[in-house]
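Each chain, written out:
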Amino acid sequence: MPLSPEARSLAARCEPRVNELARRMSRESFEALPGYAELPDDVKDIEIAATARHGVRLFLRKVGEPGEAGGGGRGRDGDHRLFRERAAQRAEEGMPLHLLLRTHTLGVYALWQTLRDVARPGEEPALLELVDALLRSHTGVVGAVAETYLDERSALEAERRAQRRSSVRGLLDGMLPPGHPLLAPFRLEGPALVLALGLEAPPEEGPVAVRRRLRRVQSVLEHAFGADVLTVVEADGGRVVVPGDCEPSGDLPRLLRRASGLRVRVAAVRADEPGRIAEAARTATEILRIARVCGLPHGLHRLDDVLLEYHLSRRDESSGRIAALLDPIATRPELLETLRTHLGHQQDRRATAGTLGLHPNTVDNRLAKIAEQTGLDLSSPRGTALAIAALLLRDADEADGADRTPAMEDAGRPLASESSYKADAS
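What counts, and where the lines are drawn
Residues numbered from 1 in each chain as written. Predicted model: local features only at pLDDT ≥ 70, side-chain atom pairs only at ≥ 80, totals over all residues. Heavy atoms only, no water. Buried < 20%, exposed > 50% of the residue type's maximum accessible area, 1.4 Å probe, protein only. Helix = DSSP H or I, 4+ residues; strand = E, 2+ residues; numbered from the N terminus. Arc of directions from axis to C-beta. Contact = heavy atoms within 4.5 Å. Patch = residues over 30% accessible without salt bridge, like charges linked within 9 Å, V, L, I, M, F, W, Y side chains within 5 Å. Areas by Shrake-Rupley, 256 points an atom, 1.4 Å probe, with all protein chains shown as cover. Salt bridge = Lys/Arg side-chain N within 4 Å of Asp/Glu carboxyl O. Lys, Arg positive; Asp, Glu negative; His and termini not counted. Charge placed at Lys NZ, Arg CZ, Asp CG, Glu CD. Pairing = 2+ DSSP bridges. Axes fitted to C-alpha atoms, helices over the stretch in contact; angles between N-to-C directions. Right-handed = clockwise from strand over helix to strand, strands pointing away. Phe/Tyr/Trp six-rings, centres within 6.5 Å; stacked < 30°, edge-to-face > 60°. Core = buried A, V, L, I, M, F, W, Y, C linked by side-chain atoms within 4.5 Å.

Quick notes on helix α1 (residues 5-12)
Each full turn of the α-helix corresponds to 3.6 residues, which orients residues three or four apart in the same direction. Within the span of α1, buried status applies to Ala7, Arg8, Leu10 and Ala11. Along the axis of α1, the buried residues cluster in a sector spanning 160°; they form a single face. Looking at the buried side of α1, the elements it contacts are α3 (41-64), α5 (97-118) and α6 (124-173).

Written out as C-alpha cells, the structure is:
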C-alpha cells in the first residue's frame, strides 16, 4: 500500500539531517557495541559513516517517491549493492557478524529517533506508516548483509583450508622443506608422528556425507592427540602429521572406525625431526600397503609388524623374476585372492575358507592348482616367502599403473610412488 502524502512529507523533513545522523551513528550510537571502539578511525568515519548515510538516504528516497510503499522485505538487489560490498569487506577484515548486524539494527533505531523528533503533533499516523516501512525494509537489508558476510567467510575459509592442505601435502611429499615460509604456521620444530590412514571402500554417497565423515575423523584425531593435527585425508584414507613426541593409542583404529563407520588401518612412523617427515610418510604408506596385501587384520600397524614383508618387497635385480612367479595364475583372480587370504591367515585353511565363504576342500583344491601352475611349494618356508614377495611386488606394479620391466631395469626403483597412495591405502 502506497504511503500517504503526510508520511512522505515527514520523511522529506529528515533529509537535511542525514549527514549529522550518519556521523552520530558511527561515532555515538555504535560506540556502545562490544569491539566497535577498537575499529580504526578511518573505518568508522569513512566506510561505516558512508554506509549509514547511504542507508538513510535510500530509505528516505524510496518512501518519498509517490506510489512507493517504502520497500518490502526483499527490496531490489541494486539497493543492497553497497551493503553487500561493505559486508564482504567486514568479513575479510574479521569483524564479527553479530557486531555488523547490530550496527544495522542500531542504525534503524537512530533513524526512528530522528523521525520521531521531526514529527509534529497530529502526525502520529504518518509516523506509524514510516516505522512500518522502515521495519519492513530492514529485513531485506539484514538478509542481504548476513548472506554476503557468510558467503565471504565461507569462501575465505575454503581458501584457507585449501592452502593448508596444499602446504601439508607439500611437506609430506618432500616438496616443501622444513623452514619454508608456508610451513611457519605449523610450528614444526622437533619430532613428529606420521600416520597413514586406510579406510575400507566407502559406500556410494554424496559429497556432503563424505565431508561429514572426514570432519568426524579429524575430530577423533585432534581429541586423541590433543593437538592441531595436519591432515590430507580423502574418502578412502590419507596421511596425518602430529607435531610433537607422541605415540598413537592402540585404541585409535577403533575410535576412527566408530566415527567413520568404516574399517580402518593406521600405519604409524616416528620422524625424529621435521626433515624426516617426508621419509616417514613414504614408509607409513608402504607399511599400510603391505599390511593390506598380506591380509593383516584392520588396526594399528608399525614397521615391526611387517618387517619381513617390508624387506621382501624391496626391489633389486631379482624383483622382476620373483613377481613373474605368479604369471601363470594372473588371469585367475580367484586363485590370487585365495593365495592372499591363505597367507594372511597364517596358512590356516579353515580360516581361509571362512573368510572366502568356501568349503575347506575347495580351498585345498585351489591351493593345489596354485602349486601346480606356479611351482611354489606353500608348505615350505621358502615357498611361502617367495609367494609373499611375489604378491607384494605385483601389487606395487598394479598400483603404479605400469607393466613390470626387465629385471635389471627394476634395480634400485622404489617400491611404490606417493601417487599410488589412494589406491593402496584401503
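Now that the structure is up, let's keep going.
A closer look at the environment of Glu20
Mapped onto the elements of the fold, Glu20 is located in helix α2 (residues 18-29). In this structure the C-alpha to C-alpha distance between Glu20 and Ala49, which are 29 residues apart in sequence, comes to 10.0 Å.

Digging into unusual backbone geometry
Backbone geometry places Arg187, a non-glycine residue, at a positive phi of 55°. Taking relative accessible area as the criterion, Arg187 reaches 70% and is therefore assigned exposed. Phi angles above zero are rare outside glycine, and Gln347 is one such case at about 60°. Mapped onto the elements of the fold, Gln347 is located in the loop between α12 (333-344) and α13 (349-356).

Considering a positive patch on the surface
Taken together, the side chains of Arg211, Arg212, Arg215 and Arg216 make up a positively charged region of the molecular surface. Topologically, Arg215 is positioned in helix α7 (residues 207-225).

Topic: the sheet that holds strand β2 (residues 230-234)
Ordered in space as β2-β3-β1-β4-β5, the five strands form an open sheet in which the pairing is mixed. Here the strands that pair on one side only, and so sit at the sheet edges, are β2 and β5 (300-301). Both strand β1 (residues 192-199) and strand β4 (residues 264-271) contribute to a ladder of eight bridges, which runs antiparallel. Residue pairing in the sheet places Leu195 in a bridge with Ala268 of β4. Here α6 sits on the sheet in contact with β1, β2 and β3 (237-243), set at roughly 95° to β2.

Side note on the pattern of salt bridges
Scanning the entire structure with this criterion turns up 27 salt bridges. Between Arg81 and Glu85 there is a salt bridge, with the nearest N and O atoms lying 2.9 Å from each other. A residue pair is termed a helical-turn pair when its members lie 3 or 4 positions apart in one helix, as Arg81 and Glu85 do in helix α4 (residues 81-93) at four residues. In this structure Arg81 comes out as exposed when scored by relative accessible area, which is 52%. Residue classification places Glu85 among the partly exposed residues on the basis of a relative accessible area of 36%. Here Glu234 and Arg169 are joined by a salt bridge, their closest N and O atoms 3.8 Å apart. Taken as a pair, Glu234 in strand β2 and Arg169 in helix α6 lie far apart in primary sequence, 65 residues in all. The partly exposed category is assigned to Arg169, whose relative accessible area is 33%. Here the salt bridges share partners, and the residues they tie into one network are Glu286, Arg289, Arg292 and Asp395.

Here's the deal with the pairing of β4
In terms of burial, β4 is largely enclosed, as seven of its eight residues are buried. By the bridge criterion, two bridges tie β4 to β5 in an arrangement that is parallel. Residue Val266 lies in a different strand from β5, and its bridge partner there is Leu300. On the question of chirality, the crossover connecting β4 to the parallel β5 by way of helix α9 (residues 277-293) is left-handed.

A few points about the packing of aromatic side chains
This structure, assessed with the given rule, holds one aromatic pair. Ring centres of Phe30 and Tyr36 lie 5.7 Å apart, and the angle between their planes is 75°; this geometry places the pair in the edge-to-face category. When sorted by exposure, Phe30 lands in the same class as Tyr36, which is buried.

Comments concerning the nonpolar core
Ranked by internal contacts, the top residues of the largest apolar core, which has 51 residues, are Leu172, Ile277, Leu326 and Leu339. The element that contributes the greatest number of residues to this core is α9, accounting for nine residues. Not counting chain neighbours up to four residues away, the residues in contact with Ile277 comprise Leu171, Leu172, Leu188, Ala192, Val194, Val241 and Ala271.

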